[in-house]
Amino acid sequence: MTDIHEAHTALSDVAARTLANATKTVPMMHTITPRWLVHLLQWVPVEAGIYRVNKVKNETKIAVDCSALDERELPQTYVDYENWGREYRLGAVNSVVDIHTRVSDLYSSPHNQIQEQLRLTIETIKERQESELINNAEYGLLNNVHQDYKTSTRTGAPTPDDLDELLTKVWKQPGFFLAHPLAIAAFGRECTRRGVPPATVNLFGSPFITWRGVPIIPSDKIKIVNGKTSILLLRTGESRQGVVGLYQPNLVGEQSMGLSVRFMGINHKAISSYLISLYCNLAVLTEDALAVLENVEVGKYHEYK
């Protein structure tokens with residue numbers, strides 16, 4: 001005899017689902033980050049993909065005189081330039097997105113398959129862009145710090161004293177520190193141990209801790225090797241002789257700054273292709289615009305009693 005408790009007295013959930021539509025999100029990807037570095041840099045458009053940094057050759061020998069009551073002869077001087085400044089050529093981050101026309105025709109509701117394929121690829125390209133701005137062997141921040149502007153931690157963990165040392169290097173209008181989240185946490189522990197919790201500031205709708213009023217910006221693109229990493233300090237902007245980002249304007253198929261998407265056609269297998277290109281570079285205009293704290297240990301903890 002059938003148990004009365006097992007008999008259906010109303011429509012079941014499983015059966016009801018056959019008439020219901022699920023509310024679907026667009027595809028999520030955990031590798032997407034805020035990419036604060038790109039937001040905080042000043043971006044300069046360049047012509048023909050080339051940016052030249054010109055410098056003064058005899059800057060310490062420019063003679064001037066304070067006016068006095070006598071009729072002394074005024075110094076004669078001139079400002080010389082380097083014969084040829086360093087030229088930066090834009091690099092490219094590229095990818096080709098392929099999608100079968102059958103897929104884009106039949107399965108683009110409620111979300112357009114082509115748009116989502118392009119969106120996720122563009123996000124990945126922009127993540128690579130930030131990584132290149134930091135780590136590129138030719139123009140990356142970590143590989144363009146002048147030797148005089150490198151310093152090392154005193155005890156391994158990043159202390160307030162270490163960040164103060166960085167501020168003595170980039171003391172002319174410092175913009176922000178750039179560090180891996182684990183390095184920021186390590187610095188926070190050292191501040192807690194000393195009883196000097198850092199203040200916070202809101203930028204772009206998010207809180208950031210600061211040191212001496214300078215925000216500490218996180219980026220997971222700064223590598224950690226054997227438990228050690230680096231912390232950068234930047235001054236930004238062309239007018240401040242700082243660090244600037246470079247991009248190519250007026251691209252064919254331009255979607256955003258330096259980024260273009262172009263349709264490449266449909267092949268004989270009914271696969272449509274889209275070329276995504278992002279052109280960028282980075283220039284350090286003067287040596288004192290960038291400094292680095294090296295040998296930063298991120299695994300040091302303390303016992304509080």
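Look up a bit, the structure's there.
Notes on the structure follow. Each chain carries its own residue numbering, running from 1 in the direction its sequence is written. Note on the predicted model: pLDDT of at least 70 is required for a residue's local features to be given, and 80 or more for side-chain atom pairs to be given and counted; whole-chain, interface and lining totals, by contrast, use all residues. With hydrogens and water excluded, all non-hydrogen atoms of the structure serve as input to the side-chain values.

Position of aspartate 288 relative to the elements: it lies in the loop between strand 14 (271–284) and strand 15 (290–297). Three exposure classes are used, based on accessible area relative to the maximum for each residue type with a 1.4 Å probe and protein chains only: buried under 20%, partly exposed in between, and exposed over 50%. Residue aspartate 288 is classed as buried on the basis of its relative accessible area, which comes to 12%. Here a polar contact is recorded for every N or O atom pair within 3.5 Å, except that within protein the pair must consist of a potential hydrogen donor and a potential acceptor, and residues adjacent in sequence are included only if both atoms are side-chain atoms. There is a polar contact of 2.7 Å between the side chain of aspartate 288 and the side chain of lysine 172. A polar side-chain atom of aspartate 288 sits 2.9 Å from a polar atom in the side chain of threonine 286. Apart from the residues within four sequence positions on either side, aspartate 288 is in contact with Tyr149, Lys169, Val170, Lys172 and Arg235. Numbering of helices and strands runs from the N terminus, with a helix taken as a DSSP run of H or I at least four residues long and a strand as a DSSP run of E at least two residues long. Note on definitions: a residue-residue contact is assigned when non-hydrogen atoms from the two residues lie within 4.5 Å.

Where burial is concerned, most of strand 11 (residues 243–247) is hidden: five out of the five residues are buried. On strand 11, burial covers both faces: Val243, Gly245 and Tyr247 on one face and Val244 and Leu246 on the other are all buried. When strand 1 (residues 42–45) meets strand 11, the two strands line up parallel, connected through four bridges. Along strand 11, the bridge assignment pairs valine 44 with leucine 246. One requirement defines pairing of two strands: DSSP has to find at least two bridges between them. As judged from the five bridges shared by strand 11 and strand 14, these two strands associate in the antiparallel manner. Residue pairing across strands places valine 244 opposite alanine 283, the latter belonging to strand 14.

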